[in-house]
Amino acid sequence: QVQLVESGGGLVQPGGSLRLSCAASGRFFSLYAMGWYRQAPGKQRELVAVLTSGGSTNFEDSVKGRFTISRDNVNNTVYLQMNSLKPEDTAVYYCNARIKVRIGVLDDYWGQGTQVTVSS
């Protein structure tokens, strides 16, 4: 129902920056809560940042002050600006769309993931 296409991953040196983009299908993008998750080798997938349709944000503690999430409702795109990158930020990053069907019922959609590698 919802397709997510990611771009912007790659290799960057510590202290560098990357901007991830996620383009979503659908006519009701402005109603979706959008988020970025990541999964490092040997670890569970974890929330990085989330941005609700109402503009509320939440960040994983280790990225606060370094990462910014934003959305462009005209172009159905969510961004993750990553600054001051550290080797521990290395992971596969996944775009997420969460759609509230009704109270207590949510649908989650995921992108294919994009690799971010921070290494000198």
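Treat the numbers as computed from the prediction; the structure is a model and nothing was measured.

**Student:** Lay out the packing of aromatic side chains in plain terms, naming residues and giving numbers.
**Tutor:** Considering all chains together, one arrives at 2 aromatic pairs under this definition. Where Phe-29 meets Tyr-32, the ring centres are 6.0 Å apart and the plane angle is 75°; that geometry is what we call edge-to-face. With respect to burial, Phe-29 and Tyr-32 carry one shared label: buried. With a centroid separation of 5.0 Å and 70° between ring planes, the pair formed by Tyr-37 and Trp-110 is classed as edge-to-face.

**Student:** Provide a residue-level description of the state of the cysteines, including the pertinent values.
**Tutor:** Across all of its chains, the model carries 1 disulfide by this definition. Put simply, Cys-22 and Cys-95 are joined by a disulfide, and their sulfur atoms are 2.0 Å apart. Disulfide Cys-22 to Cys-95: torsion about the S-S bond roughly -85°, handedness left-handed. With Cys-22 in strand E3 (residues 18-24) and Cys-95 in strand E9 (residues 91-102), this residue pair connects regions lying 73 residues apart in the sequence. Given a relative accessible area of 0%, Cys-22 falls into the buried group.

Reading the values: rules and limits
- Per chain, residue numbering runs from 1 following the sequence as it is written.
- This being a predicted model, a pLDDT of at least 70 is required before a residue's local features are given, and a value of 80 or more before pairs of side-chain atoms are given or counted; all residues contribute to the totals for chains, interfaces and linings.
- Excluded from the side-chain calculation are hydrogens and water; included are all heavy atoms of the structure.
- Centres within 6.5 Å make a pair out of two Phe, Tyr or Trp rings, where for Trp the six-membered ring is used; the pair is then stacked when the planes are under 30 degrees apart, edge-to-face when over 60, and tilted otherwise.
- Each residue is assigned to one of three classes by its accessible area relative to the maximum for its type, calculated with a 1.4 Å probe on protein chains only: buried under 20%, partly exposed between the two thresholds, exposed over 50%.
- Any pair of cysteine sulfurs within 2.5 Å is marked as a disulfide.
- For helices the rule is a DSSP run of H or I covering at least 4 residues; for strands it is a run of E covering at least 2, with both sets numbered from the N terminus onward.

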